[in-house]
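Secondary and tertiary structure notes
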Amino acid sequence: MPTTTKLQLWELRAEFALRLATLYGNEVPAYNTLVDVSREVNEDFIRRNGQHAERLGSVERVTAERHGAIRVGSPKELAQVARIFAAFGMNPVGFYDLRDASKSSVPVVSTAFRPIDEQELARNPFRVFTSMLAHDDRRFFDEETQHQLEAFIGARTLFPDELLDLADKSAAEGGLDEGEAERLLDLATASFKLSPTPVDHDWYFKLEAISAVAADIGGVPSTHINHLTPRVLDIDDLYARMQARGITMIDEIQGPPNWERPDVLLRQTSFRALAEERTFRHADGGIRPGSLRVRFGEVEQRGIALTEKGRNLYDRMVAEVDTWLAASPAGRTRAEIAEQVWRKHLPDTERELALQDLAYFTYRPANPAAAPRTGSATLRELVETGALVPEPIVYEDFLPRSAAGIFQSNLTDDGSRDDGQAGTSYDINRLSEVLGRRIHDPHELYSAQRSTSLVQAERALGVTITDLPFQH
Ligand code: OOG
Ligand code: NI
């Protein structure tokens with residue numbers, strides 16, 4: 001019998017990410033510039049920082065690392081997307097409500113599909129931020145528009161049955177043989193390609209007046225990658241280099257400020273991509289060329305994942321920056337204020353972030369001779385004597401406020417919303433039902449990783465850790 005090689009989920013995922021990058025680079029050439037500049041930034045950072053540069057991920061991982069963003073129109077489409085990503089070992093994690101995180105009109109709720117276990121993340125961390133249009137939210141859409149959206153979106157097929165069947169098979173069997181893998185990759189990549197089908201002019205611009213995001217989702221007959229985001233080790237350097245090349249970046253880097261202390265969570269920035277040519281079908285029956293400008297280039301720098309306690313502190317600091325900024329004389333920037341607020345509240349070492357239960361770490365037994373002989377010890381003792389070394393866990397998720405900021409700063413127009421109306425209520429459970437699978441809570445994933453490492457550490461050192469600042 002001929003033997004065929006089976007491709008594992010992570011191999012399929014890595015290949016899928018590469019094919020999407022090729023596709024997107026052909027469609028949006030500025031993306032290739034961004035990738036080149038990101039590579040230069042990372043190489044220089046590694047040259048300057050040596051081994052320490054790999055503290056938050058190996059050079060191989062960071063160089064290959066991307067996140068994508070896609071947008072779909074209905075619960076049915078979102079459930080199909082979940083089946084496709086499962087074929088690549090990507091599971092839904094986290095719930096983001098961008099309707100409330102933004103003052104302009106961004107009528108979507110989102111999750112991210114990504115690998116969830118440590119080994120899978122290390123092999124290839126490809127993740128895709130996935131948004132679903134809240135077409136039934138009365139703050140944005142009146143009853144007539146809701147029904148028109150349902151009819152338009154209900155009539156289209158984003159993903160062929162063959163793709164969905166192959167995807168289910170890959171997920172069930174943990175991969176596919178070469179021939180089927182090739183077919184899966186072809187079909188999956190093609191479904192995110194920009195469609196040449198003419199766009200219905202009046203329908204598209206009716207939606208655009210309400211929300212450019214709604215038009216991008218519900219005004220066209222297919223879906224496409226909105227952006228692909230490389231990871232850099234120094235986003236301030238990237239920002240400066242892109243501007244030096246004449247590319248206008250958005251005003252601010254979203255997320256935590258620049259400082260020399262440990263980086264936490266996620267810093268992101270973006271630029272508007274050029275207008276792209278599309279053809280439009282007009283009310284007079286004519287088909288004529290025009291252009292749309294909906295895609296953008298984004299880049300990010302990842303830091304350490306914050307615990308719930310750390311995240312609450314982060315949210316309080318963001319609020320403090322807002323208040324302070326509003327009361328400040330013109331000319332003071334958010335970044336300057338943020339840096340001061342951060343210095344006031346956040347400890348300056350990884351060790352204190354770990355011991356005060358502000359950020360997630362795993363604990364590596366390093367020097368068993370330093371461990372106490374008494375059979376029990378506090379985490380602080382073990383870390384301070386060098387018996388255990390905390391290693392940071394990278395933040396693998398997103399930030400709703402930054403996501404809203406990115407959406408918003410790349411729109412030409414705020415659109416319209418009527419906050420006098422009640423919104424449709426969505427939460428992680430309702431979206432899990434839509435997906436037909438449970439959306440993981442990011443905190444549970446990070447904290448399980450920390451617990452596992454502590455259990456192993458206790459065993460390796462032969463001690464029980466008392467006084468843990470958190471449950472495990
Ligand atoms: C998603 C925007 C959010 C991020 O990195 O926070 C996002 C979109 O534009 O569809 O990608
Ligand atoms: Ni993004």
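Along each chain, residue indices are assigned from 1 in the same order as the chain's sequence is written. Think of it this way: whatever chain is written first is A, whatever ligand is written first is 1, and the rest follow in order. Local features in this predicted model are restricted to residues whose pLDDT is 70 or higher, and side-chain atom pairs enter the listing and the counts only when it is 80 or higher, whereas totals over whole chains, interfaces and linings include all residues. No hydrogens and no water enter the side-chain calculation; it runs on all heavy atoms of the structure.

1. Quick look at unusual backbone geometry
As a reminder, the rule being used: Labels follow the DSSP assignment, with helices taken as runs of H or I lasting at least four residues and strands as runs of E lasting at least two, numbered in each case from the N terminus. Note on classification: 1.4 Å probe, protein chains only; a residue is buried when its accessible area is under 20% of the maximum for its type, exposed when over 50%, partly exposed between these limits.
The residue Leu 265 is not glycine, and still its phi comes out positive at about 55 degrees. As for its placement among the helices and strands, Leu 265 is situated in the loop between helix H12 (235-244) and strand E9 (266-272). At Asp 357, a residue that is not glycine, the phi angle is positive and equals roughly 55 degrees. Tracing the chain through its elements places Asp 357 in the loop between helix H15 (350-355) and strand E13 (361-365). By relative accessible area, which is 11% here, Asp 357 ends up buried.

2. A closer look at the sheet that holds strand E5 (residues 127-133)
Two modes of strand pairing occur in sheets, parallel and antiparallel, and in both the strands are linked by backbone hydrogen bonds. For clarity, the threshold we go by: Strands are treated as partners if at least two bridges between them are detected by DSSP. All axes are obtained by fitting lines to C-alpha atoms, using only the stretch in contact for helices, and the reported angles, taken between N-to-C directions, cover 0 to 180 degrees.
The sheet built from five strands is open, its strands ordered E3-E4-E5-E2-E8 with mixed pairing. Among the strands making up the open sheet, the edge pair consists of strand E3 (91-97) and strand E8 (227-230). Mean inter-strand twist for the sheet, computed between neighbouring axes without regard to direction, equals 20 degrees. In terms of strand pairing, strand E2 (residues 66-72) meets E8 through four bridges, oriented antiparallel. Residue pairing for E8: Arg 66 is matched across the bridge by Pro 230.

3. Observations concerning the layout of surface pockets
This is how it is decided: Cavities and pockets are defined on a 1 Å grid built over the protein atoms alone: a cavity is a set of grid points where a 1.4 Å probe fits but cannot escape, while a pocket is an open set with protein on both sides within 12 Å along at least five of seven lines, and lining residues are those with an atom within 4 Å of any such point. Grid points are joined across faces, edges and corners, and a volume is the space filled by probe spheres set on the points. By the convention adopted, Pro, Cys, Tyr, Trp, Phe, Met, Ile, Leu, Val and Ala count as nonpolar, Lys, Arg, Asp and Glu as charged, and the other residues, Gly among them, as polar.
Each pocket or cavity is described by its volume, and for the largest pocket that value is around 820 Å³. Forming the walls of the largest pocket are 34 residues, and the residues nearest its centre are Glu 252, Gln 254, Gly 255, Arg 334 and Arg 401. Of all the elements in the fold, those that place two or more residues in the lining of the largest pocket are helix H13 (308-327), helix H14 (334-345) and helix H17 (400-409). With seven residues, H17 is the single largest residue contributor to the lining of the largest pocket. Classifying every residue of the lining of the largest pocket gives 14 nonpolar, nine polar and eleven charged. There is about 640 Å³ of room inside the second largest pocket. Lining the second largest pocket are 27 residues, with Glu 118, Pro 392, Ile 393, Val 394 and Gln 449 positioned closest to its centre. Contributing elements (two or more residues each) for the lining of the second largest pocket: helix H6 (118-123), E13, strand E15 (388-392) and helix H19 (442-461).

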